[in-house]
Each structure stands twice: as C-alpha cells, then as structure tokens.
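Residue-level structural notes
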Amino acid sequence: MQWTDRIRQVKIILVLAAIVIAVTSLLISHYLAKDLSKEEHKKMEVWAQALHMLNHADETTDLTLVLDVIQGNTTIPIIVLNSEGGIDDFRNIEDTTRLERYAQEMLQSGDTIHVGDQLVCYDESVLLKRLSQYPYWQLGIVMVFVVVAIFALLSSKKAEQNKVWVGLSKETAHQLGTPISSLMAWVEILKENHPNDELIPELDKDVKRLERIAERFSKIGSLPEKKEGSLNSVINHVVDYMRKRTSNKVEITCHMPDHEVTIKMNESLVEWVIENLCKNAVDAMEGKGKIILTLTVERNLAVIEVSDNGKGIRKKDIKHVFTPGFTTKQRGWGLGLSLARRIVEDYHKGKIFVKSSELGKGTIFRVEL
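Structural notes, computed from the coordinates.

Thresholds applied
- Counting restarts for each chain: residues are numbered from 1 in the order of the written sequence.
- Residues qualify for local features only when their pLDDT is at least 70, as the model is predicted, and side-chain atom pairs are given and counted only at 80 or more; totals for whole chains, interfaces and linings, by contrast, use all residues.
- In computing side-chain properties, one takes all heavy atoms of the structure into account and sets aside hydrogens as well as water.
- Numbered from the N terminus, helices here are DSSP runs of H or I no shorter than four residues, and strands are runs of E no shorter than two.
- The atom set for the radius of gyration is the C-alpha atoms, and the globule formula is 2.2 Å times the number of residues raised to the power 0.38.
- Using a 1.4 Å probe on the protein chains alone, a residue whose accessible area is under 20% of its type maximum counts as buried, one over 50% counts as exposed, and one in between counts as partly exposed.
- Per-residue and other accessible areas follow the Shrake-Rupley method at a 1.4 Å probe size, with only the shown protein chains counted as cover for residues.
- Neither His nor the chain termini are counted; the positive set is Lys and Arg, and the negative set is Asp and Glu.
- In this description, the location of a charge corresponds to atom NZ of lysine, CZ of arginine, CG of aspartate or CD of glutamate.
- Throughout this description, the term nonpolar core refers to a set of buried Ala, Val, Leu, Ile, Met, Phe, Trp, Tyr and Cys residues connected via side-chain atoms within 4.5 Å.
- For this analysis, residues touch if any pair of their heavy atoms sits within 4.5 Å.

1. Focus on the overall build of the chain
- In terms of regular secondary structure, the chain is built from 9 helices and 11 strands.
- Its C-alpha radius of gyration of 38 Å places the chain more than 25% over the 21 Å reference for a compact globule of 369 residues.
- With the C-alpha coordinates of the chain rotated into their principal frame, the extents come out at 135 × 40 × 40 Å.
- Looking at the chain as a whole, 36% of its 369 residues qualify as buried.
- As displayed, the chain has an accessible area near 22,900 Å², and 56% of this comes from carbon and sulfur atoms.
- Distance between charge centres in the chain, computed from 48 positive and 50 negative side chains, equals 12 Å.

Below, the structure is given as structure tokens:
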C-alpha cells in the first residue's frame, strides 16, 4: 500500500510539474505576443503616416525616408482600401486570389487605420502567429513527456516487482521442499505404527496440501502445463477444504450446473485462485458470514463468482486490490490477489475483477476462463 501511495504521489508531482511548466509558458508567451502586437501596431501607425505623406507629396518633398518606411515592412500583411471599398494596394500577401475575403477578415478583427479617404487593414505577422501558437505546441510536448515518463516508471516498477515476486515464490517453494519431504516420511512411519489412528489420514492430507502449495509457488514465473479438467471438481475440492478449516459460523454454499464444465487449465493453480478468494472472503467477514460460489457458462466462457456478505471494499480501493503490495489487513504481504490475477490473466488468458462491492454488505469477485 505504501508503494502504491508513492507511485500515486510521483504521478501527481509529474502532472503538477507539467501544469506549472505549461501555465508559465502560456503566460510568458502571452505577454511576449502582447508586446509584439503593440510594436506591430506602432509600426502600422508609422507606415500609415508614411502612406499619407506619399499621397500628399509634391515635387519638392523628400520621399527617401517615406519610401524606406513603406518598403521596410516585409512581414506584416497589409491591404489598403479606398473610400468605395476597393483595393488600392496590398503587401506581404502570397495568395492574391482571396484579397477581398482577407480584407473582410481584417475589417472584422478591427485591425485598421484611417489615412484620409483610405483605410489601411493589417494582420498579425507570421512571427507573431507562431509565437501565439508556440505554448500550445510546448504544452503538447510536455504532456507527451509526462505520459511517457509515467508509463516508463510503471513499466520499470512492474518489471522489478515481477522479478521480486517470482524470486520470492521460487525461494519459498525451495525452502518448503525439505521439511515437506521429512513430514511425508514421518507420516508413513505413523501409518505403519498406528494404522487405525483416525487423525493420521487428515495429517496426510495436510502434508499433501503443503506439497501442492510448494508446487504452485515453484510454477510462478514459468508457463505451467495445462490439461483438460473439470471446474466442478476443482470447486468441490476448495469447498471441502474450506469447510474443514474454517469456523462453523462460516456457511459455504456452491451452485453449479448438472453437467461437467471442462476447460484447459492447470488445476492446481486455478484451485489456488478460488481458494485465495474464499480465504479473503472469510477475512472480510471476520470469521462469520456466508460465502457463495457460483459456476456458470456464458457463451464460450466458464464464469466463477465468489460472493460474501463481509465488510466490502471502498470504491477508491477497488482499482488497487490486484496491485502487488496492496492490502487492507494488518497482517499480509498483499500478494494473493496479485498472483491470482497473474494466474488467471497471464497463464490462462482469462479475466478476474471485482464485479461489485458495497461497504457493510459484501463483495463479488468474478473469474472468466
């Protein structure tokens, strides 16, 4: 849970950093564009005055400076209209086929200066337009960077976690191997010395179960062998095991079709998934309540639902329940549901998710195979 919170904090920091960068860039670009727009307006006023002087010049007027001003504008588009609305002159416009439409757009924008009976219409320069668009391009680039950074962070953490979980699982299986072998030998000795003892068969079942658990852990990280098997049988095994090892206050019922539901699976791992969901349900009910296992066939899917009437899951926690390390229990590693999802989705190409949950009423987990 701490790791999940840390990742969430990193995401928030990255997003906030992107927002700060974007807002700062937008403000700076806005003020630069505003200043440049004022400068261009001043230039147009000087250009309009030069045009007025040119129109009223006589033979003795020195037009050198006037012509320099008029010809010096090489960036700002200009259209000069006469009193009747006709076009007298234009500058810095490449597409001459749409001069009248361009002039109307300039009139609507209000960028005009009266010079006698003429009207000088002008537009923003290419530089000013690019400067106005620049922050939006920068915002897009920053957002792409943030998305890539978050994706890379999550991918690296997930890969690192996978290695840790696989290593932990295999080491657990290895460490369990020796004591389990010893226990099996002791059970055989007890069988010979006390053949009529009723407790020894139950002890034998528990030792064999430990062997299956070690086998499950050893398969984490590698593709397990899958064979045709009955889900009815798998669920019955889980129910029998849970009934013997949980309180009498926990009622476990199952609903299954009359026919066998067979799929290609690794029975040991699928059984572990259902058992894990049942154990979580017992914990959620705090040792008192009702668990219902339902097996149905929908289209070409085998669907297993495990429902309980426990304390439920908070809405904000539902999306994190399958995250490695996430747990709401005081004790626990937060690996059970993470490994269950790996078994269902990675090994069996199915789906596992929280179908519904309500605080104080219970939760339904759904597995599709």
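2. What to know about the nonpolar core
- With 43 residues, the main nonpolar core has Leu231, Ile274, Ile291 and Leu293 as its most contacted residues.
- Element by element, the count of residues in this core is highest for helix H7 (residues 267-284), at 9 residues.
- Contacts of Leu293, omitting those with residues within four sequence positions, involve Ile235, Val239, Ile252, Thr253, Cys254, His255, Ile274, Cys278, Glu305 and Val306.
- The next biggest cluster of nonpolar side chains, apart from the first, holds 14 residues, and it includes Met44, Trp47, Ala48 and Ile113.

3. Comments concerning unusual backbone geometry
- For Asn92, which is not a glycine, the phi torsion comes out positive at approximately 55°.
- Here Asn92 is to be found in the loop between strand S2 (87-91) and helix H3 (99-109).
- Taking the relative accessible area as the measure of exposure, Asn92 reaches 33% and is therefore partly exposed.
- The phi dihedral of Arg299 is positive, around 55°, even though this residue is not glycine.

4. Observations concerning the environment of Asn248
- Within the fold, Asn248 resides in the loop between helix H6 (231-245) and strand S6 (250-255).
- Taking relative accessible area as the criterion, Asn248 reaches 81% and is therefore assigned exposed.
- Remark: the alpha-carbon pair of Asn248 and Gly287, spanning 39 residues in sequence, is separated by 8.9 Å.

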